[in-house]
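# Coordinate inspection notes
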Amino acid sequence: MKNLSFVGSSRDDLKEFPDAVRQDIGFALYQAQCGGKSNVAKPLKGFGGSGVLEVREDHDGDTYRAVYTVKFSDAVYVLHCFQKKAKSGIKTSQQDMELIRRRLRVAEEDHRANYN
């Protein structure tokens, strides 16, 4: 089973989600740790392939997202957990995309320091 690591505030942000959403996202992360892929996890556009995945969950009219990477053979890094704020469209905001990119670099550095 792969280790699970949270980058930045992603753990605290996930804790703020409704229980049902947390459970669904938690199960998707568990499947990633076991080397599988949840049927609700989709590649996040803009990251070239399936190394960065997103889980979307709707609850009481709100949309919650968790973004994680499975680029590494021995660790899953949760990069960002957030509630979608925009009322129209499904595109992830540029601000969130930049945060995900920064946290992916942090995950890469952490992986080099702790797993290689």
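First, a word on scope: everything that follows refers to the structure included in this document. (Residues numbered from 1 in each chain as written. Predicted model: local features only at pLDDT ≥ 70, side-chain atom pairs only at ≥ 80, totals over all residues. Heavy atoms only, no water.)

## Remarks on the environment of V78
Let me state the cut-off plainly: Runs of H or I in DSSP of at least four residues are treated as helices and runs of E of at least two as strands, each being numbered from the N terminus. Throughout this description, buried means an accessible area under 20% of the type-specific maximum (1.4 Å probe, protein chains only), exposed means over 50%, and partly exposed covers the range between. Contacts are assigned to residue pairs that have any heavy atoms within 4.5 Å of one another.
Mapped onto the fold, V78 is located in strand β5 (residues 75-83). Exposure remark for V78: the relative accessible area of 0% places this residue in the buried category. Separated by 21 residues in the primary sequence, V78 and E57 have C-alpha atoms spaced 16 Å apart. Not counting chain neighbours up to four residues away, the residues in contact with V78 comprise L4, S5, F6, V7, S10, L29, V67 and Y68.

## Focus on unusual backbone geometry
Of note, the phi angle at D60 is positive, near 50 degrees, even though the residue is not glycine. Secondary-structure assignment places D60 in the loop between β3 (52-59) and β4 (62-69). The class of D60 is exposed, set by a relative accessible area of 70%.

## Points about the side chain of S38
Put simply, the test is: Polar contact is the term for a pair of N or O atoms within 3.5 Å; when the atoms are in protein, one must be able to donate a hydrogen and the other to accept it, and sequence-neighboring residues count only if both atoms are side-chain atoms.
Structurally, S38 is set in the loop between α2 (19-33) and β2 (41-43). Here the side chain of S38 touches Q31 through a polar contact of 3.4 Å, side chain to side chain. When neighbours within four sequence positions are excluded, S38 is seen to be in contact with A28 and Q31.

## Considerations on the packing of aromatic side chains
Put simply, the test is: Side-chain rings of Phe, Tyr and Trp (the six-membered ring for Trp) are treated as a pair once their centres are within 6.5 Å; stacked means planes under 30 degrees apart, edge-to-face means over 60, and tilted covers the remaining angles. Working rule: Lys NZ or Arg CZ, within 6 Å of ring centre, within 35 degrees of ring normal, means a charge sits over the ring.
Evaluated as defined, the whole model comprises three aromatic pairs. For the pair F27 and Y30, a centre-to-centre distance of 6.4 Å together with 25 degrees between the ring planes defines the contact as stacked. Here Y30 and F27 lie together in helix α2, a separation of three residues that amounts to about one turn. For F27, a relative accessible area of 48% puts it in the partly exposed group. Classification of Y30 as partly exposed rests on a relative accessible area of 41%. Pairing F72 with Y77 gives two aromatic rings, centres 5.5 Å apart and planes at 75 degrees, and the pair type is edge-to-face. Judged by relative accessible area, F72 falls into the buried class, the value being 11%. Between the NZ or CZ atom of R101 and the centre of the ring of F47, over which it lies, the distance is 5.2 Å.

## So, the side chain of S10
You can see S10 is positioned in helix α1 (residues 10-15). With a relative accessible area of 0%, S10 lands in the buried category. Ignoring sequence-local partners within four residues, the contact set of S10 consists of V78, L79, H80, C81 and R103.

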